[in-house]
Amino acid sequence: MKTMVSTIAIFFNDAIIAAFPQLKDNFDETIVEITPNKQENRGHYQCNSAMRLTKILKKNPRDIAAAICENVDKGDIIESLDVAGPGFVNITIKTSYLTTLVQNIYEDPRLGIEEPEKSQKIVIDFSSPNTAKEMHVGHLRSTIIGDCLARLFEFLGHDVLRLNHIGDWGTAFGMLIAYMKEEVPHVLDGSEDTDLTHLVTWYKASKKRFDEDETFKKKSQQEVVALQSGDGNALKAWSIICEISRNAYQEVYDILDVKLIERGESFYNPTLAYVVADLENKGLVEVSGGAKCIFLEGFVNREGNPLPLMVQKSDGGYNYDTTDMAAIRQRVEEEHADRIIYVTDAGQATHFKMIFQAAEKAQYVDTKKIRLDHVPFGLVLGPDGKKFKTRSGETERLIDLLTNAVQRAKEILHERDNAMSEEDITTIAEALGIGSVKYADLSCHRTGDYTFSYERMLKFEGNTAAYLMYSYVRIHGIQRKINVDITAIKEKINLQHPSEISLGLHIARFNEALESITRDLLPNRLTDYLYNLAEKFNAFFRDCRVEGTAEQNQRLLLCETTAQIMRQGLNILGVTTVERM
Ligand code: ARG
């Protein structure tokens, strides 16, 4: 993606080679390091390459920096360069260039984001709860983070396949079916409706009975065999169980406004035997304790013994590892994925490292061509700093957690009371409540644990959804008050005041923010970007009068561009903007 920083990097690349022709062959481009300047009054960007070249060139870094500066083609982009400290180059961008970039963003429906040269097929495996179990807060994090990444890549112009890898297959279904046949036969013949809460209770009860009752244990095992051999009755029971679970998950996806294609573990069932045989043929499988295993270098368990990827259990059954091997193969071979992203809790990091390595060995993927990412995230903690639970100690049902957030948002809106109709309050409370849950999650560095607090996430100050949604509303308020048809404005954006330039610079760096997330998959970069955008907008609005000035119209355009970026940015986070609040 062409960004301001990548353009400057090219200039510096050329300058370094012009100044030091001896570096020309095998030039290591990573030496060209351009970073945003933390102190904006010193310059907009900074180049740190001189320090990195001292060893190679055996010269004083300040002299290197000076030589680089002499060779930089400033063009229409760079206003000035100056060497500071041990050899930093501070880079100031021409205001005219920033102005053009911001004007282009204003005029461009894609907000200055170029279409990718080649659109990629990106598979994102996220959410992925387990049938007959409640979705838990870990699945909520996966859903929110995965959806944000999907929205980002979709906006950038890629072809995203959003997959819900539901845990809908396995031996546990045997117990559940056996139990339900005995206790609630009408549910299994389809003549009685039920819900996931009941299913979860039966699931727990079936486990208990399995451990205590030998005859029941036999029956359960027979059900597993029946299910795996494709017996019609067993399959029907299984699909009813899946449907009940699916309905409950869908409720959560609807309220979150998240789209997913269900492709659970069962989807890969027909290919598992083939995949295991194929892995054996490729000489990757070793039998250990009767189980078929792949041993990979560098993986050991707590006792220091080799940790296998088990592709077939000693009883002949397949498991989570087998399905993931089959899935990765299918995603490359049949979906032609260019990139595959898995979003799960950090606890599964080893599992994915092993899957990726084994898939490479089996030639299911060539990681030189296809990028594989496991996107791990930390735990959700309650206000007490422990794993998130409800007061009763039970794990809170996600749907309750979300409706609570909306309810709290409603109360807050009532307290603020700005003479809104009840209908408006309901709509806004939904956007605010759900937006706050998502934003709170995404704004934390995802690998850390995050503390769930309604109170904190619904605050109108600080780095929250409410603050940003309100900033967006405020811009609309300004526009409504001035009441000029923005599309009819003839003037162009003209950045003059330092606060305007600072806001313009930030707007022009939207693509840089998005680009960085495509690499490290950290959504908090976008929340940080948007929070800074709101702060810079507020500074601009404090320092620069809009209404009734000679600059009114050009400044209205700057307001509008800010609003567009804010709306698009929030949209990528899955946060809905409203016009009033
Ligand atoms: N069902 C799993 C869980 O609840 C997550 C599945 C993630 N995706 C995958 N391809 N393994 O932890």
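Below you will find a few notes about this structure. Remember, it's a predicted structure, so these values are computed and weren't measured experimentally. (Residues numbered from 1 in each chain as written. Predicted model: local features only at pLDDT ≥ 70, side-chain atom pairs only at ≥ 80, totals over all residues. Heavy atoms only, no water.)

### Some thoughts on the environment of isoleucine 105
- Following the sequence through the fold, isoleucine 105 ends up in helix α4 (residues 95-107).
- Apart from the residues within four sequence positions on either side, isoleucine 105 is in contact with Leu111, Gly112, Ile507, Ala508, Thr561, Gln564 and Ile565. (Helix = DSSP H or I, 4+ residues; strand = E, 2+ residues; numbered from the N terminus. Contact = heavy atoms within 4.5 Å.)

### Let's talk about unusual backbone geometry
- Its identity is not glycine, yet alanine 132 carries a phi of approximately 70°, on the positive side.
- Relative to the assigned elements, alanine 132 resides in the loop between β5 (121-125) and α5 (137-156).

### So, the sheet that holds strand β9 (residues 291-300)
- The antiparallel open sheet is built from three strands, whose spatial order is β8-β9-β10. Only two strands of the sheet have a single neighbouring strand rather than two, namely β8 (286-288) and β10 (306-312). Direction aside, neighbouring strands of the sheet carry axes that sit 55° apart on average.
- Direction of pairing for β9 relative to β10: antiparallel, over a ladder of five bridges. Residue cysteine 293 lies in a different strand from β10, and its bridge partner there is methionine 310.
- Packed on one face of the sheet, helix α13 (residues 349-361) meets β9 and β10 and runs near 105° to β9. (Pairing = 2+ DSSP bridges. Axes fitted to C-alpha atoms, helices over the stretch in contact; angles between N-to-C directions.)

### Remarks on the side chain of asparagine 319
- Within the fold, asparagine 319 resides in the loop between β10 and α12 (320-333).
- For asparagine 319, the side chain forms a polar contact with the main-chain nitrogen of aspartate 321, separated by 3.1 Å.
- The contact partners of asparagine 319, leaving out residues within four places of it in the chain, are Met310 and Lys313. (Polar contact = N/O pair within 3.5 Å; in protein donor to acceptor, adjacent residues only side chain to side chain.)

### Some points on the site of the ligand
- Neighbouring residues of the ligand: Asp125, Ser128, Asn130, His139, His165, Tyr320, Asp324, Tyr342, Thr344, Gln348 and Phe352.
- Backbone polar atom of serine 128 to a nitrogen atom of the ligand: 2.9 Å apart, as the coordinates give it.
- Between the ligand and the protein, one listed contact pairs a nitrogen atom with a side-chain N or O atom of asparagine 130 at 2.8 Å.
- Across the complex, the protein chains shield 91% of the 350 Å² of accessible surface that the ligand would expose by itself.
- Secondary-structure elements contributing two or more residues to the shell around the ligand are α12 and β11 (339-345). (Near = heavy atom within 4 Å. Areas by Shrake-Rupley, 256 points an atom, 1.4 Å probe, with all protein chains shown as cover.)

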